Amino acid sequence: MNTLVEKQSQCAPVKRVEENQYLMPAVNIAETKDTYVIEAEMPGVTRDHLEITLEDHTLTLTGHREPAPPPGEAVYVESKPASFRRIFDLEPTIDAGKITAQLEQGLLTLTLPKAERVKPRKIVVTD
Amino acid sequence: MTLTRWTKPEVTGWSPFWHLSTLRDEIDRLFETPLAEFTRGTQQFLGGWLPAVDLYEDKDSVVVKAELPGMKKEDIEISLHDGVLTLAGERKQEQKFKDAELYRTERFLGRFQRTLSLPSPVESDKVSATYKDGILTVTLPKTEEAKPKQIEVRVN
């Protein structure tokens, strides 16, 4: 399994505050016949605050969360105010130009289609 | 994982240290298992999915927020009984992953339930809830008696 390798090798499924104060969103990664699908949980992130960048097969997902004014005095708080970030190394067979993203109720779904198979080429020896 | 040469177990030569060495193997194996796997198991053992919940209070109402990314509105249940608020729901396995090969499944599936004792009495028939960007917000207006009142004291 070297299809979608994560940059940080220690990827815990539990939410964890990174050194740079980013939370690691919980993800599901699946592969079907012709696509890869990444689902990342980013509650509280709106479309305008979502940043997806692709650079040299490195996919970075960042979901910024604005610290909203609390609706009163905090009695009990479990949520962490930090933003989300997770970085993946994509397999070269992914057609980077056709990646699509959808954000619905704090769940980001990325669809990464596989590129058409590179056909074997015949190399003719010239004189 | 380390590859160790397999040796034929000595059937006749009983050793008092044999059990100790298997115990050591077990401990080694435990440490080789990614810690993440281990904590995930524990979390499920302790009751599965526990979404983060926040509780706020101001002079007029109590506000509860819960992080529930990727749910359907109709799969969230909210109930109030005797000053205890219960948030429950279920996330079902999605059909689109039926024939897919899964590499990572960190998202929780199944049921969750959180119960919270409210700090003040609330008007149960005036409770409202919204679900936006994966965050459920429940607003519970306080009863008139629970609201702080300013009492004017006349000093003669």
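Preceding this paragraph is the structure being described.
Structure report, in brief. (Residues numbered from 1 in each chain as written. Chains lettered and ligands numbered in written order. Predicted model: local features only at pLDDT ≥ 70, side-chain atom pairs only at ≥ 80, totals over all residues. Heavy atoms only, no water.)

Non-glycine residue His57(A) carries a positive phi angle of around 65°. Unusually for a residue other than glycine, Asp133(B) sits at a positive phi of about 50°. Relative to the helices and strands, Asp133(B) is located in the loop between strand S7 (128-132) and strand S8 (135-141). Judged by relative accessible area, which is 21%, Asp133(B) ranks as partly exposed. (Helix = DSSP H or I, 4+ residues; strand = E, 2+ residues; numbered from the N terminus. Buried < 20%, exposed > 50% of the residue type's maximum accessible area, 1.4 Å probe, protein only.)

What follows concerns the pairing of strand S3 (residues 76-81) of chain B. Relative to strand S4 (residues 84-91) of chain B, S3(B) is paired through six bridges, and the arrangement is antiparallel. The partner of His81(B) across the bridge, within S4(B), is Val84(B). (Pairing = 2+ DSSP bridges.)

What follows covers the packing of aromatic side chains. Enumeration according to the criterion identifies one aromatic pair over all chains in this entry. Sitting over the ring of Tyr36(A), Lys114(A) keeps its end group 5.2 Å from the ring centre. (Phe/Tyr/Trp six-rings, centres within 6.5 Å; stacked < 30°, edge-to-face > 60°. Lys NZ or Arg CZ within 6 Å of the ring centre and 35° of its normal.)

Judged by pairing direction, the sheet is antiparallel, and its five strands sit side by side in the order S7(A)-S1(B)-S2(B)-S8(B)-S7(B) without closing on themselves. At either margin of the open sheet sits one strand with a lone partner, and together these are strand S7 (73-77) of chain A together with S7 of chain B. For this sheet, the mean inter-axis angle between neighbouring strands, taken without regard to orientation, is 20°. Judged from the five bridges that link them, strand S1 (residues 53-57) of chain B and strand S2 (residues 61-67) of chain B form a sheet pairing that is antiparallel. Across the sheet, the residue bridging to Asp54(B) is Lys65(B), located in S2(B). (Axes fitted to C-alpha atoms, helices over the stretch in contact; angles between N-to-C directions.)

This part is about a nonpolar patch on the surface. On the surface, a cluster of nonpolar side chains totalling about 380 Å² of accessible area is made up of Ile151(B), Val153(B) and Val155(B). With respect to the helices and strands, the residue Val155(B) is situated in the segment after S8. (Patch = residues over 30% accessible without salt bridge, like charges linked within 9 Å, V, L, I, M, F, W, Y side chains within 5 Å. Areas by Shrake-Rupley, 256 points an atom, 1.4 Å probe, with all protein chains shown as cover. Salt bridge = Lys/Arg side-chain N within 4 Å of Asp/Glu carboxyl O.)

Bringing the pattern of salt bridges into the picture now. Under the counting rule described, the total for this entry stands at 15 salt bridges over all chains. A salt bridge links Arg65(A) to Glu67(B), with the nearest nitrogen and oxygen atoms 3.0 Å apart. Taken together, the positions of Arg65(A) in the loop between strand S6 (58-63) and S7 and Glu67(B) in strand S2 put the pair across two chains. Residue Arg65(A) is classed as buried on the basis of its relative accessible area of 12%. Where Lys98(A) meets Asp95(A), a salt bridge forms, and the shortest distance between an N and an O atom there is 3.6 Å. Under the relative-accessibility criterion, Lys98(A) is labelled exposed at 52%. Among the ionic contacts, a cluster of salt bridges with common partners joins Glu39(A), Glu41(A), Arg91(B) and Arg107(B).

Time to look at the layout of surface pockets. Residues and elements named next belong to chain B. Taken as a whole, the largest pocket encloses approximately 670 Å³ of empty space. Those elements that place two or more of their residues in the lining of the largest pocket are S1, S2, S7 and S8. The dominant element in the lining of the largest pocket, judged by the number of residues it contributes, is S2, at three residues. (1 Å grid on protein atoms, 1.4 Å probe; cavity = no way out; pocket = protein on both sides within 12 Å on 5 of 7 lines; lining within 4 Å. Points joined across faces, edges and corners; volume = space filled by probe spheres on them.)

The topology assignment puts Glu39(A) in strand S4 (residues 35-41). Spatially, the C-alpha atoms of Glu39(A) and Ile29(A) are 6.5 Å apart, while their sequence positions differ by 10 residues. Apart from the residues lying within four places of it in its own chain, the contact partners of Glu39(A) are Ala26(A), Val27(A), Asn28(A), Leu107(A), Leu108(A), Thr109(A), Glu94(B), Lys96(B), Phe97(B) and Arg107(B). Separated by 2.9 Å, the side chains of Glu39(A) and Arg107(B) make a polar contact. (Contact = heavy atoms within 4.5 Å. Polar contact = N/O pair within 3.5 Å; in protein donor to acceptor, adjacent residues only side chain to side chain.)

Our focus in this paragraph is the sheet that holds strand S3 (residues 27-31) of chain A. The strands making up a sheet associate through backbone hydrogen bonding, with each pair oriented either parallel or antiparallel. Taken together, five strands build an open sheet; the order of strands is S9(A)-S10(A)-S4(A)-S3(A)-S5(B) and the sheet is antiparallel. The sheet is open, and its two borders are formed by strand S9 (100-104) of chain A together with strand S5 (101-105) of chain B, each paired with just one other strand. The mean angle between the axes of side-by-side strands here comes to 15°, regardless of whether they run parallel or antiparallel.

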